[in-house]
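Secondary and tertiary structure notes
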Amino acid sequence: MDMYLGFVVLEGLLAVAIITTNLLVCVTLCWHKELRHVTNYLIFCLAVADLGVGALAIPFSMVLSMGYTMCFYTCLFLTCFPLVTTQFSILLLLVIAINAHLKIRLPNRQIVGAFKEGSVEVVIYATYVKKGRVMVVVALCWLLSLLIGLSPMMGWNRFGQYAGEASSNQTVAVSAPSERIPFVVLARDLPYAGFLSKVYPGPLQNFSTGGIHDRHLGRCSFTSVFSPEYLVYFVFFTCTLLPLGAMLGIYLDLFRVVRGHFQSQVLWAAKRGEIQTARTLFLLVGVFCVCWLPLHVIYCVQLLCPRCQTYESLDRLAVLLSHTNSLANPLIYALRKKDFGQALHSVLFHHILCWPRLRFCCCPNPKVYPQT
């Protein structure tokens, strides 16, 4: 019980911190028009996804950790939502990597002709990468994330095993410790294809399932509705490792070009800001790997070694570490990008806090100018 209570408390504190920091990022980018460029638009979308993690995915994870008895489709929805936000973050990090690669590889200006009045220069990067096109790509990322994350609701799930375990008993019982508050979440008098459920508090020993389809009830957890093959071969190998491998190749090629080409030319000074941004974005990818790989490694061990002993505390620690990624993203970007960090301080001290001395001491100038 102490471990369970500690997990819930840490998850609650982490959710509050994630919502606060990512909401501050969104407000900062909305109020400071001078920071509205393509890279920060993508960071804004990443902050929105992290907001979804703090507001919904973490509460859903806390409910799943309680091991309550639920209708299968209610449990399936609770477990699918974190997959959507995680997959969107992966795809968005890939788009950010491609944008950073184009920003460094493409020249800032190119002379397209010479006339009597002078030569005409065109900004190549701005010609190819426009905000409208980027928003279309972000929308496609959301659509693809929904298709991948909600694929278990289309039939790729463990309904047979979930239903078999539930139909073995005629009385509903929760396998959670007795000191937790007992209740059961059911979809009574509602279509089972829906996501609405009713909560019936009270002791479950005498709870009868007379008018309810027993085969839709079971102990809800992340692994009770997803097969290990789905989590390992599809979610991890296909939808996680392939994009991460592509990102690694993009950044390695980017840094190879920087080291072998720009250091010996005048372009090094012109691209210095983009190179610093690329390093920051590469750090975001590295932190994502550190936060999410332990959880996927646990799923791989459970699939490849079914008889190996599992530790509940280790599983919950891995889940907690994966959620920490949503807090690390805005902190890394604020600490590594000087102009963005100044804008965050400006919003926090000039518009949110109400202590005049602290405002003028920590951030005397509310106007922030982006780095060139």
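1. Regarding the packing of aromatic side chains
One pass over the structure, following the stated rule, counts 20 aromatic pairs. Seen from their ring centres, tyrosine 73 and phenylalanine 159 are 6.2 Å apart, and the 25° between their planes marks the pair as stacked. On the criterion of sequence distance, the pair formed by tyrosine 73 in helix α3 (residues 72–105) and phenylalanine 159 in helix α6 (residues 159–167) is long-range, its members being 86 residues apart. The exposure class assigned to tyrosine 73 is partly exposed, which follows from its relative accessible area of 25%. Among the residues examined, phenylalanine 159 registers a relative accessible area of 21% and is labelled partly exposed. Counting every residue linked through ring pairs, the aromatic cluster contains Trp156, Phe222, Phe226, Tyr230, Phe234 and Tyr299. The aromatic ring of phenylalanine 7 is capped on one face by arginine 316, whose charged end is 5.5 Å from the ring centroid.

2. Overview of the state of the cysteines
Tallied over the entire structure, the rule returns two disulfides. Each sulfur of the disulfide joining cysteine 305 and cysteine 308 lies 1.6 Å from the other. Judged by the sign of its S-S torsion, about 80°, the bond between cysteine 305 and cysteine 308 is right-handed. Taking the relative accessible area as the measure of exposure, cysteine 305 reaches 26% and is therefore partly exposed. Looking at cysteine 30, it has no disulfide partner, and the nearest cysteine sulfur is the one in cysteine 26, 6.7 Å off. With no disulfide of its own, cysteine 291 has cysteine 289 as its nearest cysteine by sulfur position, at a separation of 9.4 Å. Judged by its relative accessible area of 6%, cysteine 291 is buried.

3. Quick look at the packing of helix α2 (residues 38–65) against helix α11 (residues 312–336)
Where α2 meets α11, the closest approach of the two axes is 10 Å, and the angle between their N-to-C directions is 155°. One element, α2, and the other, α11, form an angle in the roughly antiparallel class. The hand of the α2/α11 crossing is left-handed. Taking contact as the criterion, the partners of Thr39, Asn40, Ile43, Leu46, Asp50, Val53, Ile58, Ser61 and Ser65 in α2 are, on α11, Arg316, Val319, His323, Ser326, Asn329 and Tyr333. Counted by class, the contact of α2 with α11 contains six nonpolar, seven polar and two charged residues.

4. Details of the side chain of aspartate 50
Topologically, aspartate 50 is positioned in helix α2. No salt bridge is formed by the buried aspartate 50. Its closest oppositely charged neighbour is arginine 336, at 16 Å. Each residue touching aspartate 50, except ones within four places of it in the same chain, is listed here: Ile18, Asn22, Ser89, Ser326 and Asn329.

5. A word on a nonpolar patch on the surface
Taken together, the side chains of Tyr233, Phe237, Leu241, Leu293, Val297, Val301 and Leu304 present a nonpolar region at the surface, about 620 Å² in accessible area. Elements represented by at least two residues in the nonpolar patch include exactly α8 (228–260) and α10 (272–304). No other element matches α10, which puts four residues into the nonpolar patch.

6. Concerning the packing of α11 against helix α12 (residues 338–352)
Two elements in contact, α11 and α12, have axes whose closest approach is 5 Å; the angle formed by their N-to-C orientations is 110°. Viewed along their axes, α11 and α12 adopt a mutual orientation that is roughly perpendicular. Residues Tyr333, Ala334 and Arg336 of α11 form the contact with α12, whose participating residues are Lys338, Phe340, Gly341 and Leu344. Residue composition of the contact of α11 with α12, grouped by class: four nonpolar, one polar and two charged.

7. Structural notes on the nonpolar core
In this structure, Leu92, Phe226, Met247, Leu281 and Phe340 are the most contacted members of the largest nonpolar core, which totals 96 residues. Looking at this core element by element, the count peaks at 18 residues for α3. Dropping the residues within four chain positions of it, phenylalanine 340 is found in contact with Val25, Leu29, Leu35, Asn40, Tyr333 and Ala334.

8. As for the pattern of salt bridges
Tallying each qualifying case throughout the model produces three salt bridges. Note that arginine 105 is salt-bridged to aspartate 253, the shortest N-O span being 3.0 Å. In this pair, arginine 105 is assigned in helix α3 and aspartate 253 in helix α8, connecting sequence segments 148 residues apart. A network of salt bridges, in which partner residues are shared, links Arg105, Asp253 and Arg256.

9. As for the confidence of the model for the protein
The predicted model of the protein averages 78 in pLDDT, with 72% of residues at 70 or higher. Mean pLDDT across the elements of the protein bottoms out in strand β5 (residues 198–201) (42) and peaks in helix α5 (residues 131–149) (95). The low-confidence segment residues 114–121 (pLDDT under 50) makes 12 contacts with residues lying over four places distant or belonging to another chain. Every residue in residues 166–204 scores below 50 in pLDDT, and together they form 82 contacts with partners more than four places removed in sequence or on other chains.

Criteria and thresholds
Residues numbered from 1 in each chain as written. Predicted model: local features only at pLDDT ≥ 70, side-chain atom pairs only at ≥ 80, totals over all residues. Heavy atoms only, no water. Phe/Tyr/Trp six-rings, centres within 6.5 Å; stacked < 30°, edge-to-face > 60°. Helix = DSSP H or I, 4+ residues; strand = E, 2+ residues; numbered from the N terminus. Buried < 20%, exposed > 50% of the residue type's maximum accessible area, 1.4 Å probe, protein only. Lys NZ or Arg CZ within 6 Å of the ring centre and 35° of its normal. Disulfide = S-S within 2.5 Å. Axes fitted to C-alpha atoms, helices over the stretch in contact; angles between N-to-C directions. Parallel < 35°, antiparallel > 145°, perpendicular 65-115°, else oblique. Left-handed = near helix turned anticlockwise from the far one by under 90°. Contact = heavy atoms within 4.5 Å. Nonpolar A, V, L, I, M, F, W, Y, C, P; charged D, E, K, R; others polar. Lys, Arg positive; Asp, Glu negative; His and termini not counted. Salt bridge = Lys/Arg side-chain N within 4 Å of Asp/Glu carboxyl O. Patch = residues over 30% accessible without salt bridge, like charges linked within 9 Å, V, L, I, M, F, W, Y side chains within 5 Å. Areas by Shrake-Rupley, 256 points an atom, 1.4 Å probe, with all protein chains shown as cover. Core = buried A, V, L, I, M, F, W, Y, C linked by side-chain atoms within 4.5 Å. pLDDT = per-residue confidence, 0-100.

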